[in-house]
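Architecture and fold: a report
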Amino acid sequence: MLISTSELNSIFENSDVIIADTRSFKEYSEGHIPGAVHLDLFAFHWIDTTKNGIKNFNDQARKLFSFLGVTPEKKVIFYDSVSGMLAARGVWMLMYFSHQNVSMLNGGITKWKKENLSIETKANNFKPTKFLGKINSNIITGFEHIRDNLDNLKIIDARSTGEYDGSVVRAAQTGHIPNSINIDWNQNLSEDGTFKNDDELSKIYDLPKDSETVTYCQGAYRAANSFLVLKKLGFQNVKLYLGSWGEWGNDITLPIE
């Protein structure tokens, strides 16, 4: 799920490689990895995990990846400023559609620039395809499954301490999903913006690797980063709560702490 700057530098001209810059268009236009297209994943925000909501998410995500030009043989690489939440969201989304050949650039463009690798400013065009993918329902969850299994799940809240304890208000209700533990996603990263090594991460995520584990945040971007870390550490049964606090915290019928 991770690709190094040196490895990407050796393949970025390959026609079977799609590089997606998930930062803002302003940042993209000021300089990006050669050949990269701009894909603002923050514009595609879903917080509805009802049956109909997931269907709409699937439809829109397929349109997005068709636009990006994904086909089964393409290697897709997402990058961010660092090993960030937007690139992680892109990787999780393609994993959800069972696309195996997907990575995020470890350290993002910050590390790329630090190593004086080539940058361009011209915008690159998309080459659309018809993307279908095969949904992997094992790595997604919705509010009903969490609500009905609160005592059986390990739930990781990837938000800030303030959001977790309710001092920062971003929904109708404040606080967190009952029994969830707060591990701010920023703890996943080293000072240089790359992921911490597995020993460091294992100390942070000191949980049974065979337990059913759910990650969430406000909109399932930070949670996607934590999802990738858990998979990297060998956790077997990890799910992303797509609706996250944007859904849970705005549904007053759902329990909170």
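Look a little higher up for the structure.
Residues numbered from 1 in each chain as written. Predicted model: local features only at pLDDT ≥ 70, side-chain atom pairs only at ≥ 80, totals over all residues. Heavy atoms only, no water.

**Overview of the overall build of the chain**
In terms of helices and strands, the chain carries 10 helices and 10 strands. For the chain, whose C-alpha radius of gyration is 18 Å, the value lies close to the compact-globule estimate of 18 Å for 257 residues. The principal-axis extents of the C-alpha atoms in the chain amount to approximately 50 × 40 × 35 Å. Across the 257 residues of the chain, 55% fall into the buried class. Across the chain, every contact between residues at least 6 apart in sequence was considered, and the portion connecting residues at least 24 apart equals 77%. Counting every atom, the chain has about 11,400 Å² of accessible surface; 49% of that belongs to carbon and sulfur. Side-chain charges of the chain comprise 27 positive and 31 negative groups, with the mean position of each set lying 5 Å from the other. (Helix = DSSP H or I, 4+ residues; strand = E, 2+ residues; numbered from the N terminus. Rg over C-alpha atoms; globule rule 2.2 N^0.38 Å. Buried < 20%, exposed > 50% of the residue type's maximum accessible area, 1.4 Å probe, protein only. Contact = heavy atoms within 4.5 Å. Areas by Shrake-Rupley, 256 points an atom, 1.4 Å probe, with all protein chains shown as cover. Lys, Arg positive; Asp, Glu negative; His and termini not counted. Charge placed at Lys NZ, Arg CZ, Asp CG, Glu CD.)

**Focus on the pairing of strand S4 (residues 75-79)**
Across the 5 residues that make up S4, a large majority, 5, are buried. In S4, alternate side chains face the same way, and those of Lys75, Ile77 and Tyr79 on one face and Val76 and Phe78 on the other are all buried. Taken together, the 5 bridges between strand S2 (residues 17-21) and S4 define a ladder with parallel strand orientation. Counterpart to Asp21 in the pairing with S4 is Tyr79. (Pairing = 2+ DSSP bridges.)

**Here we look at the packing of helix H3 (residues 51-68) against helix H4 (residues 85-96)**
One way to put it is that H3 packs onto H4 with a least axis distance of 11 Å and a crossing angle of 105°. In terms of their interaxial angle, H3 and H4 are classed as roughly perpendicular. Judged by residue contacts, Ile54, Phe57, Asn58, Ala61, Leu64 and Phe65 of H3 engage Arg89, Gly90, Trp92, Met93, Leu94 and Tyr96 from H4. Split by residue class, the contact of H3 with H4 holds 9 nonpolar, 2 polar and 1 charged. (Axes fitted to C-alpha atoms, helices over the stretch in contact; angles between N-to-C directions. Parallel < 35°, antiparallel > 145°, perpendicular 65-115°, else oblique. Nonpolar A, V, L, I, M, F, W, Y, C, P; charged D, E, K, R; others polar.)

**Points about the environment of Gly166**
Along the polypeptide, Gly166 turns up in the loop between helix H7 (161-165) and strand S8 (181-182). The spatial distance from the C-alpha of Gly166 to the C-alpha of Glu257 is 9.0 Å, given a sequence separation of 91 residues. Excluding its chain neighbours within four sequence positions, the residues that come into contact with Gly166 are Thr174 and Gly175.

**Details of the environment of Lys111**
For Lys111, the position within the fold is in helix H5 (residues 108-114). Judged by its relative accessible area of 24%, Lys111 falls in the partly exposed class. Considering only alpha carbons, one finds Lys111 and Gly193, 82 residues apart in sequence, at a separation of 7.5 Å. For Lys111, the contacting residues outside a window of four places in its chain are Thr5, Asn106 and Thr194. A distance of 3.3 Å separates a polar atom in the side chain of Lys111 from a polar atom in the side chain of Thr5. (Polar contact = N/O pair within 3.5 Å; in protein donor to acceptor, adjacent residues only side chain to side chain.)

**Some thoughts on H3**
Taking 1.5 Å as the rise per residue, H3 with 18 residues should run 26 Å; its terminal C-alpha atoms sit 26 Å apart, in good agreement. Buried within H3 we find Gly53, Ile54, Phe57, Asn58, Ala61, Leu64, Phe65, Ser66 and Leu68. Considering only its buried residues, H3 is in contact with S2, strand S3 (37-38), S4, H4 and strand S6 (140-141). Just downstream of H3 lies Gly69, where phi reads positive at about 90°. (Expected span 1.5 Å × (residues − 1).)

**A short note on the pattern of salt bridges**
Tallied over the full model, the rule gives 11 salt bridges. Between Glu30 and Lys26 there is a salt bridge, with the nearest N and O atoms lying 2.7 Å from each other. One end of the pair, Glu30, and the other, Lys26, are both in helix H2 (residues 25-30), 4 residues apart, so they sit about a helical turn from each other. Across this residue pair, the class does not change: Glu30 and Lys26 are exposed. The salt bridge partner of Asp198 is Lys232, with a shortest N-O separation of 2.5 Å. Of this pair, Asp198 sits in helix H8 (residues 198-204) while Lys232 sits in helix H9 (residues 222-232), and the two are 34 residues apart along the sequence. On the basis of relative accessible area, Lys232 is assigned to the partly exposed category, the value being 27%. Salt bridges sharing partners connect three or more residues here, namely Glu163, Arg170 and Arg222. (Salt bridge = Lys/Arg side-chain N within 4 Å of Asp/Glu carboxyl O.)

**Here's the deal with the packing of aromatic side chains**
One pass over the structure, following the stated rule, counts 14 aromatic pairs. Ring geometry for Phe12 versus Trp112: centroids 6.2 Å apart, planes at 75°, classification edge-to-face. Taken together, the positions of Phe12 in the loop between helix H1 (5-11) and S2 and Trp112 in helix H5 put the pair 100 residues apart, joining distant regions of the chain. For Trp112, a relative accessible area of 0% puts it in the buried group. Pairing Phe44 with Trp46 gives two aromatic rings, centres 6.4 Å apart and planes at 25°, and the pair type is stacked. By way of ring pairs, the aromatic residues Phe44, Trp46, Phe57, Phe65, Trp92, Tyr96, Phe97 and Phe131 are connected into one cluster. Positioned above the aromatic ring of Tyr221 is the side chain of Arg89, whose terminal nitrogen or guanidinium carbon lies 4.3 Å from the ring centre. Over the ring of Trp245 we find Arg159, and its NZ or CZ is 4.8 Å from the ring centre. (Phe/Tyr/Trp six-rings, centres within 6.5 Å; stacked < 30°, edge-to-face > 60°. Lys NZ or Arg CZ within 6 Å of the ring centre and 35° of its normal.)

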